[in-house]
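Structure assessment
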Amino acid sequence: MLSYLAKRKAKLGQLWRVGGVLLACGLAAGQARATARVRQPIPSPAQQKRAQAQLQRVIPRRFWRHTPATTVALGQYLYSHYQRTDASSAVRYVALQAAVKLACQAGDPPTAMHAMAALIKNYQVSADNLNLALYRRLAALKNLGDFADLVATHLLGLARQAMQAKHFAVAGRFLQLAQPLVLRRNQLAEVEEVRRLLRRVRFDQVLQNRYRQLAAWLKRHPKDDDGALARAAYLFLIRKQVQGVVRYLQHSGQPAARQLAAVLSRGSAAGELRAGDGWWRLAGRGATAYAFLLKTAATAAWRRGINQVPAACAAALTNRHEAQAIALLKRARAAAQRSGAEDLIALTGAWYAGIGQVQAAYRAYEQAKRHLATGKISPVDSQVIGAYNCFVQSRWTKGLARLARGANRRLAQVAALGLEPGAAATYVRDQLFVANSWWRIAGGYNGLLRYNIERHALIVYAAVYPDLSPEQQRRVRLMLARFNRGRW
């Protein structure tokens, strides 16, 4: 009896499990059908015409008078009433289109953007084309006013989405629309971010076009070593998929490719520079059709490594690894010269020219530290240690306290103001004085020391940038552009 009950219970459990699987499959199929029904086809012209006539009959009389207020109200009514309703698909489509148009005419960006989002979500339309058309109209509005921040934020979000989808031409158009709006927001970091993204989009678009030109060649070499290397380089440049790149490199079978795969996962300055060397070696080993991709990958890796060199050198010098920092500067200079990129050559050449100043600052710092160990530290020693902390190691909070007690009165004044800003009434003026002073002081140095001082000056400028005059803002933007030359 017990065995019979156990068997019956097991059979019932099995039936419940089967039923659960079938129910889950049915729900999944229902969800799939619901998802498929979300984006409906665009109604035909005849359907849209009938829907327009139907809308005209049901629109309340209070919207019949054509005034700015009724235009705004009608756009909001059409959006709120027809985004979710039992009306036909054609009526909702026409209503949402009319809501977008009326909201643009009335200078009501939130309603226009919400109606457009509902249109894109529910109908099989081209999201990129519709969004571009909408935001062109919004960016051209003279009465955009307080909505400029909202429109700029949405444009930057759409640009990043387009870049992730590898629609680089569309992303470039969104960024061009966002650029003047971001300039109006008076945020230095955002202005530079838009310009950096524009440079990146143009580069990626050129690269994508060149890769498409290789499509016929890649079809003839789908699985051999050459095709694997070409695909690895493209993934490295466009998608930044390290695992996929490593898989293609290992598939190629070349020893140099396997060596490159071993260093790709290291994101340090030295690792990026070694990765660039690996790509360059592969480009010189008989590559023909895809040599452009390999050389571009090498330059991209070198550029990323060079961007990390200042921080890596500061860390090495903080740990008293002077030889390691100097070797990294030499390696960055050699990589820039091999790439042939003029901006990188100029940047790393300036760093290399300042090696003597780094060495001199290191020797003076070591001597001052010996004095500090004996307890007999002078204002001169305090100045030397503070300058080394700030200019070489980029440890500004610690170094400014030393400089404020140093022998140089000018440096002490600037350092004291940088540590403890004055009264609120004079804050902007004092910080502008601090930033200008650091920028002028940087002119007396070369290489990494100048780089670190200018970087700190720009951080101080950014804190007061919205309060500066238009001429001062233009000057700061020129400084930032010069500082960022050679960087993505």
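Quick caveat: nothing in here was measured; it's all calculated off a predicted structure.

1. Digging into the nonpolar core
With 150 residues, the main nonpolar core has L249, W279 and W438 as its most contacted residues. The element contributing the most residues to this core is helix α15 (residues 291-318), with 12 residues. The residues touching W279, leaving out its near neighbours within four places in the chain, are A232, A233, F236, V245, L249, L260, L264, L294, A297, A298 and A301.

2. Describing the packing of α15 against helix α16 (residues 322-339)
At a minimum axis separation of 9 Å, α15 and α16 run at an interaxial angle of 165 degrees. Compared by their axis directions, α15 and α16 come out roughly antiparallel. Note on packing geometry: the crossing formed by α15 with α16 is left-handed. Together, T299, W302, I306, V309, A312, C313, A316 and L317 of α15 and E322, Q324, A325, L328, L329, A332, A335, A336, R338 and S339 of α16 make up the contact between the two elements.

3. Here we look at the packing of helix α23 (residues 447-464) against helix α24 (residues 470-483)
Closest axis-to-axis distance for the α23/α24 pair is 11 Å, and the angle between their directions is 145 degrees. You can see that α23 and α24 cross each other, and the crossing is left-handed. Here R450, Y451, E454, R455, L458 and Y461 of α23 come into contact with α24, specifically with R475, V476, M479, L480, R482 and F483.

4. Things to note about helix α22 (residues 427-442)
The first and last C-alpha atoms of α22 sit 23 Å apart over 16 residues, in line with the 22 Å expected at 1.5 Å per residue. Buried within α22 are the following residues: D430, Q431, L432, V434, A435, N436, S437, W438, W439, I441 and A442. Those residues of α22 that are buried lie in contact with α19 (379-392), α20 (396-404), α21 (409-419), α23 and α24.

5. Side note on the confidence of the model for the chain
Per-residue pLDDT for the chain has a mean of 79; in total, 86% of the residues score no lower than 70. Mean pLDDT across the secondary structure elements of the chain bottoms out at helix α1 (residues 2-38), with 38, and peaks at α22, with 90. Low pLDDT, under 50, characterises residues 1-37; the stretch is placed with zero contacts to residues that sit more than four places away or in other chains.

6. Describing unusual backbone geometry
Even without being glycine, K166 reaches a positive phi, approximately 65 degrees. Take K166: it is sitting in the loop between α7 (148-164) and α8 (168-185). Note on K166: relative accessible area 17%, which makes it buried. At S394, a position not held by glycine, the phi torsion is positive, near 60 degrees.

7. Description of the environment of A69
Note that A69 resides in helix α3 (residues 68-82). C-alpha separation for the pair A69 and A106, spaced 37 residues apart in sequence, amounts to 8.2 Å.

8. Digging into the pattern of salt bridges
Note that side chains of opposite charge can pair when their charged atoms are close. What the rule picks out here adds up to 12 salt bridges. Linking E193 and R196 is a salt bridge whose minimum nitrogen-to-oxygen distance equals 3.1 Å. Linking E193 with R196, this pair stays in helix α9 (residues 188-213), spanning three residues, or about one helical turn. A relative accessible area of 27% means that R196 is categorised as partly exposed. Two residues, D277 and R331, come together in a salt bridge whose shortest N-O distance is 3.3 Å.

About the cut-offs
Residues numbered from 1 in each chain as written. Predicted model: local features only at pLDDT ≥ 70, side-chain atom pairs only at ≥ 80, totals over all residues. Heavy atoms only, no water. Core = buried A, V, L, I, M, F, W, Y, C linked by side-chain atoms within 4.5 Å. Buried < 20%, exposed > 50% of the residue type's maximum accessible area, 1.4 Å probe, protein only. Helix = DSSP H or I, 4+ residues; strand = E, 2+ residues; numbered from the N terminus. Contact = heavy atoms within 4.5 Å. Axes fitted to C-alpha atoms, helices over the stretch in contact; angles between N-to-C directions. Parallel < 35°, antiparallel > 145°, perpendicular 65-115°, else oblique. Left-handed = near helix turned anticlockwise from the far one by under 90°. Expected span 1.5 Å × (residues − 1). pLDDT = per-residue confidence, 0-100. Salt bridge = Lys/Arg side-chain N within 4 Å of Asp/Glu carboxyl O.

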